[in-house]
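What follows is each chain in one-letter form.
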Amino acid sequence: MTDDDRLQWARDAKANKLLWESFDQLKEIYITQSLKCGEKDDLARFRYLKAYEDVEVVKRHLVSVFEQGRLAKGEETELKKTNKRFLPELSWS
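Since the structure is predicted, the reported quantities are computational estimates derived from the model, not experimental observations. (Residues numbered from 1 in each chain as written. Predicted model: local features only at pLDDT ≥ 70, side-chain atom pairs only at ≥ 80, totals over all residues. Heavy atoms only, no water.)

(A) How the structure looks around the packing of aromatic side chains. The full count for this structure, using the stated rule, is two aromatic pairs. The interplanar angle of 40° and the centroid separation of 6.4 Å between the aromatic rings of Y30 and Y48 together place this pair among those described as tilted. Highlighted residues: Y30 in helix α2 (residues 17-36) and Y48 in helix α3 (residues 42-68), separated in sequence by 18 residues. Residue Y48 is classed as partly exposed on the basis of its relative accessible area of 28%. (Phe/Tyr/Trp six-rings, centres within 6.5 Å; stacked < 30°, edge-to-face > 60°. Helix = DSSP H or I, 4+ residues; strand = E, 2+ residues; numbered from the N terminus. Buried < 20%, exposed > 50% of the residue type's maximum accessible area, 1.4 Å probe, protein only.)

Structure (structure tokens):
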């Protein structure tokens, strides 16, 4: 893929309303599902809310790449130092 092809792909993706609506729909689904969790089902609720946050991170990343052509240095550093956890830390004390 040439640089011109990538630039055209990025322009098409940025203008694609369906792409951006899908992010909003995903976030709405995750919030709805987290509200359906039972009162003692903290792990499932945590996972849905984390997925909600992850969708927003991906959306912001795409916007950043489309606007700047690459990750900003601050975002790159943040991504490198992040140790993503899929389970919450629980203290048993």
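(B) Structural view of the pattern of salt bridges. Considering all chains together, one arrives at five salt bridges under this definition. With a shortest N-O distance of 2.6 Å, E56 and K27 are connected by a salt bridge. With E56 in helix α3 and K27 in helix α2, this residue pair connects regions lying 29 residues apart in the sequence. For E56, a relative accessible area of 26% puts it in the partly exposed group. Among the residues examined, K27 registers a relative accessible area of 14% and is labelled buried. For the salt bridge of R45 with D42, the shortest nitrogen-to-oxygen distance reads 2.7 Å. (Salt bridge = Lys/Arg side-chain N within 4 Å of Asp/Glu carboxyl O.)

(C) Inspection of α3 at higher detail. For α3, which comprises 27 residues, the first-to-last C-alpha distance of 38 Å matches the rise-based estimate of 39 Å (1.5 Å per residue) to within 8%. Taken together, the buried positions of α3 are occupied by A51, V55, K59, S64 and F66. (Expected span 1.5 Å × (residues − 1).)

(D) Main features of the side chain of S34. Tracing the sequence through the fold places S34 in helix α2. Excluding anything up to four places from it in sequence, S34 contacts R45, Y48 and L49. (Contact = heavy atoms within 4.5 Å.)

(E) Structural context of the packing of α2 against α3. Interhelical geometry of α2 versus α3 gives an angle of 165° and a closest axis separation of 8 Å. Relative to α3, α2 is oriented roughly antiparallel. Crossing of α2 over α3 shows left-handed handedness. Where α2 abuts α3, its residues W20, F23, D24, L26, K27, Y30, I31, Q33 and S34 lie against R45, Y48, L49, A51, Y52, V55, E56, V58, K59, L62, V63 and F66. When the residues that make up the contact of α2 with α3 are grouped by side-chain class, the tally is 14 nonpolar, two polar and five charged. (Axes fitted to C-alpha atoms, helices over the stretch in contact; angles between N-to-C directions. Parallel < 35°, antiparallel > 145°, perpendicular 65-115°, else oblique. Left-handed = near helix turned anticlockwise from the far one by under 90°. Nonpolar A, V, L, I, M, F, W, Y, C, P; charged D, E, K, R; others polar.)

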